[in-house]
Structure formats: C-alpha cells, structure tokens
Amino acid sequence: MVFPEMLKPGDTIGLAAPAFPVSREKRDAGASLLESMGYKVAMGDCLKNLYNFHEYLAGGAKERAEDLNRLFGDPEVKAIFCARGGYGSAHILKYLDYETIRANPKIFVGYSDITNLHAVFNQICGLVTFHGPMLATEMVPEFDAYSRESLFAAMGMKPGEKLEFHNPDSKPGIRMLRPGSAVGQLTGGNLSLVIGGLGTFYQLDTRGKILFLEDVEESIPRLDMYFTHLENAGLMDGVAGIVLGEFYKCSNERYDASYDLETFLHDRFAGYKVPVMYHVASDHSNPMGTLPMGAICRIDGERERLEFYREA
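Residues numbered from 1 in each chain as written. Predicted model: local features only at pLDDT ≥ 70, side-chain atom pairs only at ≥ 80, totals over all residues. Heavy atoms only, no water.

### A word on the state of the cysteines
Scanning the model with the defined rule gives 0 disulfides in all. Cys-46 takes part in no disulfide bond, and the closest cysteine sulfur, belonging to Cys-82, lies 12 Å away. Judged by relative accessible area, Cys-46 falls into the buried class, the value being 2%. With a relative accessible area of 0%, Cys-82 lands in the buried category. (Disulfide = S-S within 2.5 Å. Buried < 20%, exposed > 50% of the residue type's maximum accessible area, 1.4 Å probe, protein only.)

### Structural notes on the sheet that holds strand β10 (residues 241–244)
Here we have 8 strands laid out as an open sheet, ordered β6-β14-β13-β8-β9-β10-β11-β7, and mixed in their pairing. Two strands bound the open sheet, and with one partner strand each, they are β6 (162–165) and β7 (175–178). Pairs of neighbouring strands in the sheet enclose a mean axial angle of 30°, with direction left out of account. Bridging between strand β13 (residues 296–300) and strand β14 (residues 305–309) involves 5 bridges; their strand directions are antiparallel. When the bridges of β14 are listed, Asp-300 appears paired with Arg-305. (Pairing = 2+ DSSP bridges. Helix = DSSP H or I, 4+ residues; strand = E, 2+ residues; numbered from the N terminus. Axes fitted to C-alpha atoms, helices over the stretch in contact; angles between N-to-C directions.)

### Section: the UniProt feature "active site" (unreviewed entry) in the protein chain
UniProt feature "active site" (unreviewed entry): in the numbering of this structure it lies at Ser-112, Glu-214 and His-284. Spanning 173 residues, the annotated positions come together in the fold, the maximum distance between their C-alpha atoms being 8.6 Å. In the annotated set above, the residues contributing to the lining of the largest pocket are Ser-112 and His-284. Here Ser-112 lies in the loop between β4 (107–110) and α6 (115–123). The class for Ser-112 is buried, based on a relative accessible area of 12%. Setting aside chain neighbours within four positions, we find Ser-112 in contact with Asn-190, Leu-193 and His-284. The residue Glu-214 is located in strand β9 (residues 210–214) in this model. The buried category is assigned to Glu-214, whose relative accessible area is 0%. Contact partners of Glu-214, with chain neighbours within four places excluded, come to His-131, Gly-189, Asn-190, Leu-191, Gly-245, Phe-247, Ser-282, Asp-283 and His-284. (UniProt positions renumbered as here; feature names shortened; annotations may be inferred. 1 Å grid on protein atoms, 1.4 Å probe; cavity = no way out; pocket = protein on both sides within 12 Å on 5 of 7 lines; lining within 4 Å. Contact = heavy atoms within 4.5 Å.)

### Some details on the nonpolar core
Ranked by internal contacts, the top residues of the largest apolar core, which has 47 residues, are Phe-81, Leu-291 and Leu-306. Per-element tally for this core: the top contributor is helix α8 (residues 145–155), with 4 residues. Composition of this core by domain shows at least three residues from each of domain 1 (12–143) and domain 2 (162–310). When near neighbours in sequence (up to four residues on either side) are disregarded, Leu-291 contacts Thr-129, Phe-130, His-131, Phe-165, Leu-186, Phe-212, Val-280, Ser-282, Leu-306 and Phe-308. Grouped together as the second largest cluster of nonpolar side chains are 29 residues, Phe-227, Leu-244, Leu-265 and Val-276 included. (Core = buried A, V, L, I, M, F, W, Y, C linked by side-chain atoms within 4.5 Å. Domains from an automatic or database assignment.)

### Some details on the packing of aromatic side chains
One pass over the structure, following the stated rule, counts 11 aromatic pairs. Centroid distance Phe-72 to Phe-108: 6.3 Å. Interplanar angle 25°. Geometry classified as stacked. Here Phe-108 lies in strand β4 and Phe-72 lies in helix α3 (residues 61–73), a separation of 36 residues in the sequence. The residues Phe-72 and Phe-108 share a single accessibility class, namely buried. (Phe/Tyr/Trp six-rings, centres within 6.5 Å; stacked < 30°, edge-to-face > 60°.)

Encoded structure:
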C-alpha cells in the first residue's frame, strides 16, 4: 500500500463533492478555514459552480467523477478533502480514471458515503486513504482541536512510524467486546455502504484484514440484518479482527427501548472467535478521529488500544 506524501505549509488542498451538494456558505467557510491554516485551495467544478442535480446530488455522475480525476491528476494538488457524504458516490465509480489515481497518490479524506471511494482507492489503486472529517460536517462551523489533531497525526505518519489512536476525553474509552489481539490492513467504513457494495466490483476483500464498521440513525434490528448479511455473504469468515465505531443515534426505541445498543453488540458478537473492539471514535459524531484505511492496523486487546503502522 502507498502512503501519500505529507502536507506542507503552502500546499494546495483540492475540495470535491462526490455525493451530496453543500451550501455556498459552508463551502466558502471551509475554504477560508483551510486558507487561514496556510494552505491554498482548488475546487472541483461541481463544488465551485454549486451544481445541483435533481436537488440532492452535487452534479451528474460523470461530472463528479471528472472532478476527482482532475484533482488527482493535478500535480499542484497534494490532498483532496470531501465536502460531505450523503449519497451518490456509487454512481461515479465506473467513471473514475484508476490509472491516473494510482499514478498520483495523494491524501484523500472523507467518510460515510465516501466509504465507496475508500474501497476502490484501497483495493484497485493500492492507496492508503483517511476515514476522517469533512468540510461541511466537521470543519464548519467549528473544527474542534481533537478532530484537527487526529487528522493531521494520521496524514503526517512518517515511514516506520507507529500511531496510537486515542478517543477524545468527551467520549467513552475504547473497549473490547471480544478479547484478543490481531494485525492486518484496515478496511471498511460505513456499515450500510459496505452492504451496498456486496456483489459489485468494489465489494470489500476482508480476508486477513481488520474490518472497521460504523453507522448512524439505524434501528437495532436493521443493524442485526446488516451484520447477518455480512456473515451470509462470507465477509466475516476470514477477518483478523473487528473494530466498531459508535453507531451514533442507533437504538431500539421503536421496538424495545430497554434493549440498548451496547447490550445488543455484546450479544451479537458473543460467539466470535476474533477480537472485537468497540467505541472507536471515528464516526458520525463529533469530535471525530481519523483512521488510515489500508494501513497496517493492530488491535491490542490486552491494553485496549488501537495502533497503526506506516511501513518503512
């Protein structure tokens, strides 16, 4: 796997909207924030012109894909930050220029619907990408200190360096649902997006890997359905370990509010033989930590710690 070059003061950050559109106010505030941090900004056309295709996508599929193709191909652009997730990244995957992307590795940041793009950039292009904060959802109106520091720590890993992931003080500490330790490449992202990729050319290869999963505003029965689908599709068979986010605003209120999420997760993974880690703060709630997707990941169950390595 190829780690991108680190950002330096004065570098250009490309901004893209591969899925949902954003408002002019959030776009401009995000660009101003990055400029105040000492970076130049280059926008994809769908973001620059605020295209609005059927009122819920940032542009047509080819236009959104071409924005990413141009930003990856531009030698001045050293990083690409996604404006937001939502829906629509699956449309663009068949229009991406994977040869250009593979030949021009650079920092790529986003999460939620951007899970699809992590999958293809990791598996098809061999690039390490970053499951982290986005322009219109975490950076604006306020880019909190933890989210900023976690992002830059992950993006700034040096060859041979180890990075230990820490939750913010405002969130529960990392815990183990199932004991044990494991090492493997990190893959995954948003659970419902991982399900959406089953049977496609961008279906995750989880064999020997650490599978990270998170989601937002789903009921417990739906989460159960998703986990069962992954099992029935064979994606849980060869995993080295599992890392779970917060599953923000996921509950069982519609059916039985007394059956809480943590009890469900303990019950759901009770029979697993691989280590299962929980409460990793890289999800749909703020503050948000950043995970380097495709990097070597280590679950240390004894110390309840999550570590990442950049090979020398």
